[in-house]
Amino acid sequence: MDDDSRVTRRRVSDTEARRANRGWWDTDADDYQAEHGAFLGDVDFVWCPEGVREADARLLGELAGRRILEVGSGAASAARWLATQGARPVAMDLSAGMLRHAALAADRTGVRVPLVQADALALPFADGAFDTACTAFGAIPFVADSAALMREVFRVLRPGARWVFSVTHPMRWIFLDDPGEGGLTAVHSYFDRAPYVEQDDAGVATYVEQHRTLGDRIRELVGAGFRLVDLVEPEWPAGHEGIWGQWSPLRGRLFPGTAIFVAEKPAAG
């Protein structure tokens, strides 16, 4: 965070966060895809800027024949990759702009999956509709009540189903969003959960990102009924010199940039 009055940390309501982030991603969709589309691919499942791929990590378990919900899918490259593995994915996102890119990518590749525009806090699916749910940096950091999101995902999963999601590693909250040496000095409290907010000159939020500690995330999962199976903290791979926002080789070699939570809904009985 800098000294610009348009960047602050303050509490926001779910309504304010939803309005801001839907507007942001609708407006930014073209630029986001232009900057990151090549890294993410049209038909690929990349969990994080460190380059962990589901093809290698296999965090979701069995894919063939599974009904899989990608929450906060963006342009749905992961859902399309899942379809090529024999899964039956559904890609869901709040942003019409990102789903427009999902449709364009489907035209380019010929790999089509159902696209649903919806709010992650009110999933338009029946109880137990899916065998697996996943998201790579989608939805979770952008809602004020992420505990409610966990409960919604739990609801739409069948017993025994897996829920896997990646988010910015919570310890990154301590540092500035700077991939260089300026991002190596701790300046914020890890325990300050006030959201990062970008706002216009009138003080209206235009982008909101939430912070939760590792303990918060685990309590959200357990509180929703999930069992935590694994917490993956990817190391920065040798030879990877790419920079994605605050992610860089300099920072990545010193502390984690991503946390991937692997959880399961307990089997019936």
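Residues numbered from 1 in each chain as written. Predicted model: local features only at pLDDT ≥ 70, side-chain atom pairs only at ≥ 80, totals over all residues. Heavy atoms only, no water.

Chemist: Can you help me understand the sheet that holds strand S8 (residues 205-209) in this one?
Modeler: Remark on secondary structure: sheet strands pair via backbone hydrogen bonds, oriented parallel or antiparallel. Pairing is antiparallel across the open sheet formed by 3 strands, whose spatial order is S1-S7-S8. Strand pairing shows two members of the sheet lacking a second neighbour, strand S1 (7-9) and S8, which therefore form its edges. The average angle at which neighbouring strand axes cross in this sheet is 25°, direction not considered. Here S1 runs beside strand S7 (residues 196-199); their pairing, made up of 3 bridges, is antiparallel. Looking at S7, one finds that Val 7 is bridged to Glu 198. (Pairing = 2+ DSSP bridges. Helix = DSSP H or I, 4+ residues; strand = E, 2+ residues; numbered from the N terminus. Axes fitted to C-alpha atoms, helices over the stretch in contact; angles between N-to-C directions.)

Chemist: Is there a simple way to think about the pairing of strand S6 (residues 157-168) in this case?
Modeler: Within a regular beta strand, the side chains point alternately toward one face of the sheet and then the other, so they alternate between its two faces. S6 sits mainly inside the fold: 9 of its 12 residues count as buried. In this view, the connection linking strand S5 (residues 130-136) to its parallel neighbour S6 by way of helix H5 (residues 146-156) has right-handed handedness. (Buried < 20%, exposed > 50% of the residue type's maximum accessible area, 1.4 Å probe, protein only. Right-handed = clockwise from strand over helix to strand, strands pointing away.)

Chemist: Sorry if this is basic, but what is going on with the sheet that holds S6 here?
Modeler: One open sheet holds the 7 strands; their spatial order is S4-S3-S2-S5-S6-S10-S9, and the pairing between them is mixed. The open sheet has two edge strands with one neighbour each: strand S4 (115-117) and strand S9 (227-232). Put simply, the sheet's adjacent strands are angled 20° from each other on average, direction ignored. Pairing analysis gives 5 bridges linking strand S2 (residues 67-71) to strand S3 (residues 88-93), with the strands arranged parallel. Following the sheet pairing, Ile 68 is matched in S3 by Pro 89. Across the sheet, H5 is in contact with S2, S5 and S6; its angle to S6 comes to roughly 145°. Against the sheet, helix H6 (residues 214-224) contacts S6, S9 and strand S10 (258-264), and its axis sits at roughly 20° relative to S10. (Contact = heavy atoms within 4.5 Å.)

Chemist: What is the right way to look at the packing of helix H1 (residues 14-40) against helix H4 (residues 96-109) in this model?
Modeler: Helix packing for two helices is described by the angle between their axes and how far apart those axes are. Where H1 contacts H4, the two axes come as close as 6 Å, and the packing angle between them is 40°. Relative to H4, the element H1 lies oblique. Residues Trp 25, Asp 26, Ala 29, Asp 30, Tyr 32 and Gln 33 of H1 form the contact with H4, whose own contacting residues are Ala 96, Gly 97, Met 98, Arg 100 and His 101. Taken together, the residues of the contact of H1 with H4 sort by class into 5 nonpolar, 3 polar and 3 charged. (Parallel < 35°, antiparallel > 145°, perpendicular 65-115°, else oblique. Nonpolar A, V, L, I, M, F, W, Y, C, P; charged D, E, K, R; others polar.)

Chemist: Mind showing me how you'd approach the pattern of salt bridges here?
Modeler: When the charged atoms of two side chains lie near each other, side chains of opposite charge can form a pair. Summed over all chains, the structure comprises 16 salt bridges. Among the ionic pairs, Asp 44 bridges to Arg 53, the shortest N-O distance being 2.7 Å. Of the residues examined, Arg 53 reaches a relative accessible area of 27% and is grouped as partly exposed. Notably, a salt bridge pairs Arg 158 with Asp 131, separated by 2.7 Å at the nearest N-O pair. In this pair, Arg 158 is assigned in strand S6 and Asp 131 in strand S5, connecting sequence segments 27 residues apart. Given the relative accessible area of 25%, Arg 158 is considered partly exposed. Residue classification places Asp 131 among the buried positions, given a relative accessible area of 8%. The network of salt bridges with shared partners includes Arg 67, Asp 131 and Arg 158. (Salt bridge = Lys/Arg side-chain N within 4 Å of Asp/Glu carboxyl O.)

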